[in-house]
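Below are the chains, spelled out letter by letter.
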Amino acid sequence: MHLNTKPLHELLDLINKREIHPREVIADLYRAIAERENYIRAYISLAPQERLLEEAERLRDKPLRGLPIAVKDNISTREFKTTCASRFLESFQPVFDATVVHRLKAAGATILGKTNLDEFAMGSSGENSAFFPTRNPHDLERVPGGSSGGSAAAVAAHEAICALGSDTGGSIRQPAAFCGIVGLKPTYGLISRYGLVAFASSLDQIGPMTKDVRDCALLLNYIAGRDPHDSTSVERPCADYTQELGQEIKGFRVGLPKEYVADLSGPAKACVESWEKHLRALGAEIVELSLPHTKYAIPAYYLISSSEASANLARFDGVRYTKRASNDSVEAMFSESRDKGFGPEVKRRIMIGTYALSAGYYEAWYGKAQRVRALIREDFASAFKRVDMILSPTSPTPAFKLGERVSDPLAMYLSDIFTVPASLAGLPAISIPGGTVDGLPFGLQLIADQFQEARLLRAAYALEQEIKS
Ligand code: GLN
């Protein structure tokens, strides 16, 4: 029956009705992994099937029934190494579970494996993994997107039911778009980041990557909420995020930013027009908007995220966490460990960030980027006085070819143009499958105001049903 192709909520229903047993789901998943993992290469580590079968037995009375979930390999897990796809952490074994992992396990989930990513989550294609690139299940010559490319490819290839990713400037949404699945970046502060290896702390968020919108809402129910271990997580009564699914969106005002769509042409433009049509059919109103500071979002993002990365990654010095490259002197230990441990993109970010933060340049670079960030936030604040939701493609193009942008970091950075603004403003945004461009999945992004996840999911669900039908 290929149970591995079904979304989590359907599997839970079938298990609750005693029509299937979690064992059968696990067996189907491992069958798919045995068939496809050789060429997809979504996983850095995998749990032994025997262990998951035993755990499923033990957890059968808990809400998630012992079903396995894939986790991006920059999220701490006690039973797997957590490598961040970096040589530096190749053999790093955490001693604790991240809060999200802890919560999922407490609800009866197990961890299927740890998925590949761009090293330390820096990248948009998965090709910056120090170990191997992951391939897009829709076209093996193409990238799955990044940085959560392994999670997206695992779900799309049905080598996982659902997965967790992390998103700093688009790393959940863009790979979800490239692989034709659903990915949600929640409001900054909704989900604990305790146990997520920090890239850029003012932007990083963990979120679900799933086969459909309902699964996204379901997973969010388990992982959202205040955690005393993460002071940036907020105290808010947690809604049931599935509650509004299926309610109509008649009268919703959906903004279409002219800066986001001005340069689209051909099939991408046709996709956006078809989304407008679907929204109108659902009774929503399309409102033309302007987000005038969009063009500064990419430079501001790369300055801020690299500055924070240069500070966060200072902890990797050869003393803790990992192998030491030299014992000659303290300085040699630091510099050789860092030289051998980090790949080229990580070094590039550390250099950009260290430069932007250094005395004499701080105001001109980092300070200015922070002021631009404030303007971008204000763009959204005034937009949300007029609309409930903002619509755009998730990425300007579908998945590109492996190797195509590796030698041109700027072209790689520019592919984040639609995802980065919501990250800078801390807003929730979701990518759902929005049709195809050149035969490849093309993602539709919806952005909502802070903590409006329930409404965002309601609109995404309505569109998902409309697009499918
Ligand atoms: N592609 C973006 C970058 O390289 C976003 C990465 C992310 O969200 N982790 O920084």
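Overview of the structure. (Residues numbered from 1 in each chain as written. Predicted model: local features only at pLDDT ≥ 70, side-chain atom pairs only at ≥ 80, totals over all residues. Heavy atoms only, no water.)

### Observations concerning the packing of helix α4 (residues 99-106) against helix α7 (residues 213-223)
Between α4 and α7, the least distance of the axes is 8 Å, while the angle of their chain directions is 105°. With respect to α7, the element α4 is oriented roughly perpendicular. Touching V100, R103 and L104 of α4 are L219, Y222 and I223, all from α7. Here the residues of the contact of α4 with α7 sort into 5 nonpolar, no polar and 1 charged. (Axes fitted to C-alpha atoms, helices over the stretch in contact; angles between N-to-C directions. Helix = DSSP H or I, 4+ residues; strand = E, 2+ residues; numbered from the N terminus. Parallel < 35°, antiparallel > 145°, perpendicular 65-115°, else oblique. Contact = heavy atoms within 4.5 Å. Nonpolar A, V, L, I, M, F, W, Y, C, P; charged D, E, K, R; others polar.)

### Thoughts on the environment of V319
In this structure, V319 sits in the loop between α10 (297-312) and α11 (330-341). Overall, V319 belongs to the partly exposed group, its relative accessible area being 43%. Separated by 15 residues in sequence, V319 and F334 place their C-alpha atoms 8.0 Å apart. (Buried < 20%, exposed > 50% of the residue type's maximum accessible area, 1.4 Å probe, protein only.)

### Structural notes on the site of the ligand
In the vicinity of the ligand, 15 residues are found, and the nearest of them are T168, G169, S171, Y301 and R349. Y302 has a polar side-chain atom sitting 3.4 Å from an oxygen atom of the ligand. Between the ligand and the protein, one listed contact pairs a nitrogen atom with a side-chain N or O atom of D416 at 2.9 Å. Surface burial for the ligand is 100%, taken as the share of its 290 Å² of free accessible area covered by protein chains. Cavity membership is defined here by more than half of the atoms lying within 2 Å of grid points; on that basis the ligand lies in the largest cavity. (Near = heavy atom within 4 Å. Polar contact = N/O pair within 3.5 Å; in protein donor to acceptor, adjacent residues only side chain to side chain. Areas by Shrake-Rupley, 256 points an atom, 1.4 Å probe, with all protein chains shown as cover. 1 Å grid on protein atoms, 1.4 Å probe; cavity = no way out; pocket = protein on both sides within 12 Å on 5 of 7 lines; lining within 4 Å. Sits in = over half its atoms within 2 Å of the grid points.)

### Some details on empty space enclosed by the protein
All told, the structure shown has 2 cavities of 30 Å³ or more when counted by the stated rule. In this structure, the largest cavity occupies an estimated 80 Å³ of space. Lining the largest cavity are 13 residues, with G123, S124, S171, Y301 and D416 positioned closest to its centre. Partitioning the lining of the largest cavity into residue classes produces 5 nonpolar, 6 polar and 2 charged. Residue lining of the second largest cavity: L291, H293, T294, I376, D379, F380 and P421, and that is the complete set. Sorting elements by how many residues they give to the lining of the second largest cavity places helix α13 (residues 363-386) first, with 3 residues. Grouping the amino acids of the lining of the second largest cavity by side-chain chemistry returns 4 nonpolar, 2 polar and 1 charged. (Points joined across faces, edges and corners; volume = space filled by probe spheres on them.)

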